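Inside the fold
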Amino acid sequence: MEHRFQSILSLLILSITLLLTSHCSKQRDIILTQYESSLAKANLENRKLIVVFGADWCPDCKALDGIFADPETKTLLDSEFVVMKVDVGRFDKNLSLNEQLGNPIQNGIPSLVVISPKGEFITSTKGGEFSNASKMTKEQVLAYLYKL
């Protein structure tokens, strides 16, 4: 009886592990597909791609969203960039793209990675430059964007 219980328990654990691995793999495929589509759009429209890593619980991410929605900032973004937002959850989601782009979230979110229309790396805020976005002004964000 004890052997049967151990066998059932082992099968249950294996099933759960396979299910979770499958879900993570699908999530990874979705975000990488979105990234490839965003790169293609940036190339087609000859605009740079900004990948913004953030989360809905993050006050600095919400502050940066507000600055990006400002009419002056939005005009610049719409003319010069393709913006792709990536939800990192509690630093447990979409980490495959984070790793692919050099771990820009290592010093906090929001974090930006900028890619040329040809798919070449331009810059990353892996030093945490925007991790205090709630204290930043629109002018500071615009100054950063104009330098790109």
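About the cut-offs
Residues numbered from 1 in each chain as written. Predicted model: local features only at pLDDT ≥ 70, side-chain atom pairs only at ≥ 80, totals over all residues. Heavy atoms only, no water. Helix = DSSP H or I, 4+ residues; strand = E, 2+ residues; numbered from the N terminus. Buried < 20%, exposed > 50% of the residue type's maximum accessible area, 1.4 Å probe, protein only. Contact = heavy atoms within 4.5 Å. Pairing = 2+ DSSP bridges. pLDDT = per-residue confidence, 0-100. Arc of directions from axis to C-beta.

1. Digging into the side chain of Ser124
Within the secondary structure layout, Ser124 lies in strand β4 (residues 121-124). Judged by its relative accessible area of 12%, Ser124 is buried. Those residues in contact with Ser124 that sit more than four places away from it in its chain are Pro104, Leu112, Val113 and Glu129.

2. Examining the pairing of strand β3 (residues 111-115)
Residues in a regular strand point their side chains to alternate faces of the sheet. β3 sits mainly inside the fold: five of its five residues count as buried. Alternating positions in β3 separate into two faces, Ser111, Val113 and Ile115 on one and Leu112 and Val114 on the other, with burial throughout. When β3 meets β4, the two strands line up antiparallel, connected through three bridges. The residue bridging Val114 from the neighbouring strand is Thr123, located in β4. Between β3 and β4, which pair antiparallel and follow one another directly, the connecting turn spans five residues, one of which, Gly119, has a positive phi of 90°.

3. Some thoughts on the confidence of the model for the protein
In low-pLDDT regions, the fine details of the predicted coordinates are not to be read closely. Averaged over all residues, the pLDDT of the protein equals 87, while 80% of them reach at least 70. Within the protein, no element has a lower average pLDDT than helix α1 (residues 2-44), which sits at 66, and none a higher one than strand β1 (residues 48-54), at 98. Within the model, pLDDT remains below 50 along residues 17-25, and this stretch shows zero contacts once partners closer than five positions in the same chain are excluded.

4. Quick word on helix α5 (residues 138-147)
Among the residues of α5, Val141, Leu142, Tyr144 and Leu145 are the ones counted as buried. All buried residues of α5 project into a common sector of 160° when viewed along the axis, lining one side. Away from its buried face by more than 90 degrees, α5 exposes Glu139, Tyr146 and Lys147. Residues of α5 that are buried in the fold lie against β1, α2 (59-69), α3 (71-80), β2 (81-87), β3 and β4.

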